[in-house]
Amino acid sequence: QVQLAESGGGLVQPGGSLRLSCAASGSIFSIAVVGWYRQAPGKERELVARIISGGKANYPDSVKGRFTISRDNAKNAVYLQMNTLKPEDTAIYYCYLENTDVLGYRYAYWGQGTQVTVSS
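Structure report, in brief. (Residues numbered from 1 in each chain as written. Predicted model: local features only at pLDDT ≥ 70, side-chain atom pairs only at ≥ 80, totals over all residues. Heavy atoms only, no water.)

## Digging into the packing of aromatic side chains
Item 1. Evaluation of the coordinates by the stated rule reveals three aromatic pairs.
Item 2. Summarising the aromatic geometry, the rings of Y37 and Y96 are spaced 5.4 Å apart at their centres and angled 70 degrees between planes, so their arrangement reads as edge-to-face. In this pair, Y37 is assigned in strand β4 (residues 30-39) and Y96 in strand β9 (residues 91-100), connecting sequence segments 59 residues apart. Judged on exposure class, the residue Y37 and its partner Y96 are both buried.
Item 3. Measuring from centroid to centroid gives 5.0 Å for Y37 and W110, while their planes differ by 65 degrees, and the two rings are edge-to-face. (Phe/Tyr/Trp six-rings, centres within 6.5 Å; stacked < 30°, edge-to-face > 60°. Helix = DSSP H or I, 4+ residues; strand = E, 2+ residues; numbered from the N terminus. Buried < 20%, exposed > 50% of the residue type's maximum accessible area, 1.4 Å probe, protein only.)

The following block contains the structure:
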């Protein structure tokens, strides 16, 4: 099993920055995909950033140029640097991980979520 623990959320003014962290623990053999999703009240959960095979990062237009995802494989950690935050970025942010075990099976895991509120 794999557990994900997010941290770094909080209240920030528009134009400010936050850095979210996600630490993975448990039976990790190989991380296939890491990413961040968010869900605002009354809306569907949406992709914020993702690193896929080969190390390429994907971002939706809503955050492109403002958010940056990074990872530290040695620490089994993933980060999300959020700059120039807007009120519409307010949401619960979830860490996402797909782990491939020693037999080649892939499993998806979600963190518990961390609240990001952008407000003046």
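After presenting the structure, the write-up continues.
## Describing the sheet that holds strand β8 (residues 77-82)
Strand pairing in a sheet relies on backbone hydrogen bonds. The paired strands run either parallel or antiparallel.
Item 1. A sheet is described by the order of its strands in space; here four strands give the open sequence β1-β3-β8-β7, paired in antiparallel fashion. The strands lining the two open edges of the sheet, one partner per strand, are β1 (2-7) and β7 (67-72). Looking at each pair of strands side by side, their axes are set apart by 15 degrees on average, direction ignored.
Item 2. Of the strand pairs in this sheet, β7 and β8 are connected by six bridges, and their pairing is antiparallel. In the sheet register, R71 faces β8, and the bridge partner there is V78. (Pairing = 2+ DSSP bridges. Axes fitted to C-alpha atoms, helices over the stretch in contact; angles between N-to-C directions.)

By themselves these figures say nothing about function.
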